[in-house]
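Notes for the structure review
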Amino acid sequence: MIDWLKEILASQFGLSMLVMLLAVGGVMGAAAWLILFERKVAAWTQDRYGPNRVGPRGLFQPIADGLKLFLKEDIIPGKVDRALFIFAPCIALIIGMLGVAIVPFGGVMRWSDGGPLLKVQVASIDIGLLYVVAVGSLGVYSVVLGGWASNNKYATYGGMRAAAQMLSYEVPLGLCLLVCILSTGQLRLEGMVERQIQSCWLGILQPLVFVLFFTTALAEANRAPFDLAECEQELVGGFHTEYSAMKWALFFFGEYAHMVSTSAVMVALFLGGWEPIPFSLKIGGWLESVSPLAWLGAMLKWITLDPSPWAALVRGGVYVGKVGCLIFCYMWVRWTLPRFRFDQLMRLAWKAMVPTGMALAVWAGFLVYWGRPMSAWALAGNGILLLLCGMISVASGRPTTGRQDSLPKVEGVS
Amino acid sequence: MLTSTTAVYSSYGLAVLGALGVYLAMPGGGRRRGVPALLIGIIAAFGLMVLLLTQYAGTTGQCVSFFVLATTSLLGAVRVITHARPVYSAVYFVLVALSSTGLVVASGAEFLGAALVIVYAGAILVTYVFVIMLAQPSDSEMLTRGGPLDYDAEAREPALAVVAGFLLIAVLGGMLLGRSWPAAAASESAAVGNTLGVGQVMLTRYAVSVELAGVLLLVAIVGAIALARKIVSPDPAARPPEGMAVGEIGRRVKPF
């Protein structure tokens, strides 16, 4: 039995299956406990306790919530389009989970010395990032179809808003990905991570791209401040107004699964994947020459490069830790910033993010032409662009909209 | 393996059979003809599969994946044009795009597959669904009447449409079957990497076409903005005079 298992795991297919099982189980479990985490973060932001009744410090709250959602009556309203009404939440969860398939959790490893090198990820495919874009672009169907099938005007408005928002924010998202592809010369995520380990994290070299990408990821996941599709003040519950019990929970799970998979992609693109700290090879080499800290340097190098299973496990832990930090950022933003108005949302996408993303992509193209895509020049370009954007926004003043035009003029306020 | 002439003529026969099936499956005409349409469609699709399998050899895995994906996309394609409700047509179109992507990826063109999903399923069809949602906001009318709306219940000119469509299919299919194709240079492309190869060809040999397509899209965007711009002013005095040219209107306000 053990020998047979070992034989299977020694092949790339077997390892991929193992990673897949861990990733699917991990994302599902994570989604449940992330909801608790979200409530705790909200409570922390608003200076209250948050859920603290079920289990120690409220840790078993997700189990109670899950039980409740399973046992609740699953209502399908009479005049909905049944097939699409049931289909929509399924797409939400499936699309949310699919993105995890190409995440390189732990670099390469081998079970024993001399064995074949295996990649610790579900699938290493040639198109890499394009797969992420392709899967992400399908996510809008759940919201649109769910909103339409509900046969409710608020739900339809929610779905329409979501469609317009996702289509708009896919443009800057694509431009950010273009910068990453140009800088690393790779489409495979694990290749991008290796390239960043050799030189520097893209999040340090191209901070503006990172910020843009994070913002578009928030918008694509329909998270606050971009959650206009479920804007309570205007649309009751938005696209999920008519949903209840487990079907509603699938939408919710889909949102958290989407957060996990986009965060994982962001870690690979900008935060050096499994590398514990930036420049770990150089810092590790330098530390090894300092006698009392030689063990630390050796450990840094071991974590980053060693192909043993234990190192791969530590790398996976580092990766998951970084994903957790990014998810905390998602929640931090959600409970800090108020929701955008729809015209502000569109203006941000088309008049701020698209031009900035284009400028960044052009700059990345020049750097490739000069043969130094991953140099400090990238950072310099980001800085200059940020300065220019600031000057333009100061010079152009606050934008006025139709509604602001119609308000009576107030003395002393421009 | 049939001779090419036999294969071409049998493909014509299958096209006629398929046309008959699709014609019967079209909505409207006052009577349900789903069962004969389904039977004829199954026979035509099965014949097509057998014909293709005899003409082009492959491993068992390739044959099975081709069979499953091709059947799905054929069924989806027929439902796109025969379903009485536009939203379902659009959703079936997504199914066609996804299963065609499967076919493309199975034959080794990963980049084309990703492009198909991103462009068709992810962008164009979302716009379709969007438009259909706006055109058909309410479902309740349909439910009270117990069937699809008047203008969706009946196919207009089904015979002409089917003849034109299947003529095209027969001509294209006959052309493809009648020629012998050189074995694809799979090993070469696999060594370079599919995406890299496509990129190199697009930016060297077809650079002008790519640039032209980009300019075309830019013109389309500019045109759309020019058409969509409107004065939004609550003050009647600030509104433009009657009969102002569209281009003039746009200069006064910001689009958002």
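Details of the structure are given in the entry above.
Small disclaimer: the values here were computed from a predicted structure and weren't measured.

Definitions and cut-offs
Residues numbered from 1 in each chain as written. Chains lettered and ligands numbered in written order. Predicted model: local features only at pLDDT ≥ 70, side-chain atom pairs only at ≥ 80, totals over all residues. Heavy atoms only, no water. Helix = DSSP H or I, 4+ residues; strand = E, 2+ residues; numbered from the N terminus. Rg over C-alpha atoms; globule rule 2.2 N^0.38 Å. Buried < 20%, exposed > 50% of the residue type's maximum accessible area, 1.4 Å probe, protein only. Contact = heavy atoms within 4.5 Å. Areas by Shrake-Rupley, 256 points an atom, 1.4 Å probe, with all protein chains shown as cover. Lys, Arg positive; Asp, Glu negative; His and termini not counted. Charge placed at Lys NZ, Arg CZ, Asp CG, Glu CD. Axes fitted to C-alpha atoms, helices over the stretch in contact; angles between N-to-C directions. Parallel < 35°, antiparallel > 145°, perpendicular 65-115°, else oblique. Left-handed = near helix turned anticlockwise from the far one by under 90°. Nonpolar A, V, L, I, M, F, W, Y, C, P; charged D, E, K, R; others polar. Salt bridge = Lys/Arg side-chain N within 4 Å of Asp/Glu carboxyl O. Polar contact = N/O pair within 3.5 Å; in protein donor to acceptor, adjacent residues only side chain to side chain. Disulfide = S-S within 2.5 Å.

Bringing the overall build of chain A into the picture now. Assigned secondary structure in chain A consists of 18 helices and two strands. Relative to the 2.2 N^0.38 estimate, which gives 22 Å for 414 residues, the radius of gyration of chain A is 23 Å and therefore close to what a compact globule would have. The C-alpha extent of chain A, read off along each of the three principal axes, is 70 × 60 × 40 Å. Residues counted as buried form 50% of the 414 residues belonging to chain A. Sequence separation of 24 or more characterises 75% of the internal contacts of chain A that already satisfy a separation of 6 or more. Total accessible area on chain A stands at roughly 19,600 Å², and carbon and sulfur atoms take up 71% of it. Taken as two groups, the 31 positive and 26 negative side-chain charges of chain A have centres that lie 4 Å from each other.

Our focus in this paragraph is the packing of helix H12 (residues 245-270) of chain A against helix H15 (residues 309-334) of chain A. Between two packed helices, the angle of one axis relative to the other and the distance separating the axes together describe the packing. Residues and elements named next belong to chain A. Running from N to C, H12 and H15 point in directions that differ by 120 degrees, and their axes come no closer than 9 Å. It follows that H12 is oblique to H15 by the angle criterion. Crossing of H12 over H15 shows right-handed handedness. Note on element contacts: H15 touches H12 through Tyr-319, Lys-322, Val-323, Leu-326, Ile-327, Tyr-330, Met-331 and Arg-334, opposite Glu-255, Tyr-256, Met-259, Val-260, Thr-262, Ser-263, Ala-264, Met-266, Val-267 and Ala-268. Residue composition of the contact of H12 with H15, grouped by class: 13 nonpolar, two polar and three charged.

Attention now moves to the environment of Arg-341 of chain A. Relative to the assigned elements, Arg-341 of chain A resides in the loop between H15 and helix H16 (342-369). C-alpha of Arg-341 of chain A to C-alpha of Leu-228 of chain A: the two residues are 113 residues apart in sequence and 7.8 Å apart in space.

On the chain B side, the residues contacting the 30 residues of chain A number 32 residues. Between chain A and chain B we count zero salt bridges in total. At the surface where chain A touches chain B, the tally comes to two residue pairs in polar contact (both at pLDDT 80 or more). Mapped onto the side of chain A that touches chain B, the elements with two or more residues apiece are helix H4 (82-98), helix H5 (129-138), helix H6 (140-149), helix H7 (153-184) and H16 of chain A. If you tally residues by element for the side of chain A that touches chain B, the top one is H7 of chain A, at seven residues. Of the residues belonging to the side of chain A that touches chain B, the class tally is 20 nonpolar, five polar and five charged.

Most of H5 of chain A sits out of view: nine of its 10 residues are buried. Within the sequence span of H5 of chain A, burial applies to Leu-129, Leu-130, Tyr-131, Val-132, Val-133, Ala-134, Val-135, Ser-137 and Leu-138 of chain A.

Let us now look at the packing of helix H10 (residues 207-220) of chain A against H16 of chain A. All names here are of chain A. Close contact between H10 and H16 brings their axes to 11 Å; oriented N to C, the two are set at 140 degrees. By the angle class used here, H10 and H16 are oblique. Crossing angle aside, the handedness with which H10 passes H16 is left-handed. Contacts from Leu-208, Val-209, Leu-212, Thr-215 and Thr-216 of H10 reach H16 at Met-353, Thr-356, Gly-357 and Leu-360. Of the residues assigned to the contact of H10 with H16, the class counts are five nonpolar, four polar and no charged.

Once that is clear, we can look at the side chain of Ser-142 of chain A. All names here are of chain A. Counting through the fold element by element, Ser-142 comes out in helix H6. Overall, the relative accessible area of 4% leaves Ser-142 in the buried class. Within the structure, the side chain of Ser-142 is placed 3.1 Å from the backbone oxygen of Gly-139, a separation counted as a polar contact. Excluding residues within four positions of it along the chain, Ser-142 makes contact with Ala-88, Ile-91, Ala-92 and Phe-251.

Attention shifts here to the state of the cysteines. Residue and element names in this part refer to chain A. Under the defined criterion, the tally for this structure stands at zero disulfides over all chains. Not part of a disulfide, Cys-176 finds its nearest cysteine sulfur in Cys-180, a span of 7.0 Å. Note on Cys-329: no disulfide assigned, nearest cysteine sulfur contributed by Cys-325 at a separation of 7.2 Å. On the basis of relative accessibility, which here comes to 24%, the residue Cys-329 falls in the partly exposed class.

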